[in-house]
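Fold and contact review
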Amino acid sequence: MNTPAQLVAVLGPSGPRVLRQDEAIAYADDLGLTRGDGCFDATLVFAADAATGTPEGARRVLHLDRHLARLARSAAGLTIDSPPAHEWSALVEEALAHPQAPAGESMLKLVLTRGREERPGGVFGYLTVTPLPASTIAARTEGIDVATMSRGMASDAFADAPWLLGGIKTIAYAVNMAANREAVRRGATDALFVSSDGYALEGPTSALITRTGAELTTTPTGATGVLDSITIETLFAAAQADGFTVTHRLMRSQEVPHAEGAWLASSVRGVAPIRRLDGRELPLDQVLTARLGRLAGFPG
């Protein structure tokens, strides 16, 4: 029997359930499908370190508690009643213990929608576990080519507009995916959003880090609408203890190519160095990149 490429499991009144391959789960009037009315979170699944005393073959989810907490914050921002964290944890445990769960590094995605529009019956929650392509893992060491593109909003556009859902990880990602396609059209791998007043913000699925000497800098959240990055939070706390200075400030987009290094960091791909920005080569320090990845908790 072939192992399916992706495993899907759902929350339900009778407890967590792993689905058969290609089993349908969504209704046509689900508001997540019809309106993008929902939220999600995602992180990495990888083999646990045998040195820690975990059983052979055990799987580890990177910062699961923090991702569940961020999912709950996103749901609250959308006024969606999220299932409690222990129900999500049970669903994750059920999925990863299943014999059809992917064996290699994988992306765990937790999805929550408002549910059905025509026949309301409560929220709808499910997860997927999807193997990572080799290109995603390779980006941690080989780097990525990035194209800057306008987000079409000022750097403080979210300050007095909570209805814009700044910092909330909604499933309405059409703009983000369009930016990635445009980046590919330009010959790049990924995109870096720039505000209309000229500040570097974040990638469609990642946070920006630059380095100058022993200082690591990232974009502030809040008024910028930039998502609160768990990878940045983890990395910066560990980096401070490791001798770095860390800063949250707005950076002009022109500053990025003049830094001594720049990275796009996410909870799945990891800390990927920017190799080229709009065709301009940036310094690539693989030793430092590996160090930052370890500080953020990624497998070495």
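Cut-offs used in this document
- Residues numbered from 1 in each chain as written.
- Predicted model: local features only at pLDDT ≥ 70, side-chain atom pairs only at ≥ 80, totals over all residues.
- Heavy atoms only, no water.
- Core = buried A, V, L, I, M, F, W, Y, C linked by side-chain atoms within 4.5 Å.
- Buried < 20%, exposed > 50% of the residue type's maximum accessible area, 1.4 Å probe, protein only.
- Helix = DSSP H or I, 4+ residues; strand = E, 2+ residues; numbered from the N terminus.
- Contact = heavy atoms within 4.5 Å.
- Right-handed = clockwise from strand over helix to strand, strands pointing away.
- Expected span 1.5 Å × (residues − 1).
- Arc of directions from axis to C-beta.
- Phe/Tyr/Trp six-rings, centres within 6.5 Å; stacked < 30°, edge-to-face > 60°.
- Lys NZ or Arg CZ within 6 Å of the ring centre and 35° of its normal.
- Salt bridge = Lys/Arg side-chain N within 4 Å of Asp/Glu carboxyl O.
- Pairing = 2+ DSSP bridges.
- Polar contact = N/O pair within 3.5 Å; in protein donor to acceptor, adjacent residues only side chain to side chain.

Bringing the nonpolar core into the picture now. Across soluble globular proteins, nonpolar side chains have a tendency to be buried as a group. Counting 26 residues, the largest nonpolar core has I209, L216, L235, F236 and L292 as the members making the most contacts within it. Of all the secondary-structure elements, those providing two or more residues to this core are β3 (38–47), β11 (206–212), α6 (230–241), β15 (262–266) and α7 (286–295). The residues contacting I209, other than those within four sequence positions of it, are L216, T217, I232, L235, F236, G261, A262, W263 and A265. Among the nonpolar cores identified, the runner-up in size contains 24 residues, and V45, L64, L68 and L127 belong to it.

Next up on the list: the pairing of strand β7 (residues 144–150). A large share of β7 lies buried, amounting to six of its seven residues. In this fold, the crossover linking β7 to strand β8 (residues 190–194) by way of helix α5 (residues 174–185) has right-handed handedness.

Attention now goes to helix α2 (residues 64–77). Taking 1.5 Å per residue as the helical rise, α2 with its 14 residues ought to reach 20 Å, and the 20 Å between its terminal C-alpha atoms agrees with that figure. Taken as a whole, α2 has its buried residues at L64, H67, L68, R70, L71, S74 and A75. For α2, the angular spread of the buried residues around the axis is 160°, confining them to a single face. Exposed and facing more than 90 degrees away from the buried side of α2 are D65 and A76. As for α2, its buried residues are in contact with β3, β4 (59–61), α3 (85–97), β5 (106–113) and α6. T79, located one to two residues past α2, shows a positive phi value of around 55°.

The description of an aromatic ring pair rests on the distance of the ring centres and on the angle between the ring planes. A full pass over the atoms with the stated rule returns two aromatic pairs. Aromatic pair F40 and Y173: ring centres 5.1 Å apart, planes at 80°, arrangement edge-to-face. You can see F40 sitting in strand β3 and its partner Y173 sitting in the loop between β7 and α5, a full 133 residues away along the chain. Directly above the ring of Y27 sits R116, whose terminal nitrogen or CZ lies 3.8 Å from the centroid. The lysine or arginine in question, R252, covers the ring of Y199, its NZ or CZ lying 4.1 Å from the ring centre.

Below, the discussion takes up the pattern of salt bridges. One pass over the structure, following the stated rule, counts 15 salt bridges. E233 is paired through a salt bridge with R66; the nearest N and O atoms lie 3.7 Å apart. Taken together, the positions of E233 in helix α6 and R66 in helix α2 put the pair 167 residues apart, joining distant regions of the chain. Judged by its relative accessible area of 42%, E233 is partly exposed. As a salt-bridge pair, D242 and R291 come within 2.7 Å of each other at their nearest N and O atoms. Of this pair, D242 sits in the loop between α6 and β13 (245–248) while R291 sits in helix α7; the two residues are 49 residues apart in sequence, bridging distant segments of the chain. On the accessibility criterion, R291 (30% relative accessible area) is partly exposed. Residues participating in the shared-partner salt-bridge network are R17, R20 and E23.

Where burial is concerned, most of β8 is hidden: five out of the five residues are buried. Burial of β8 is two-sided: the residues D190, L192 and V194 facing one way and the residues A191 and F193 facing the other way are all buried. Alignment of β7 against β8, held across five bridges, turns out to be parallel. Within β8, the position partnered with S150 by the bridge is V194.

Once that is clear, we can look at α7. For α7, the complete set of buried residues consists of L288, T289, L292, G293 and L295. When α7 is viewed along its axis, its buried side chains cluster within an angular range of 160° and face the same direction. More than 90 degrees from the buried face of α7, the exposed residues found are V287 and R294. On its buried face, α7 sits against α4 (134–142), β11, β12 (215–218), α6, β15 and β16 (270–277). For α7, the capping residue at the N-terminal end is D285, with a side-chain oxygen 3.2 Å from the backbone nitrogen of V287.

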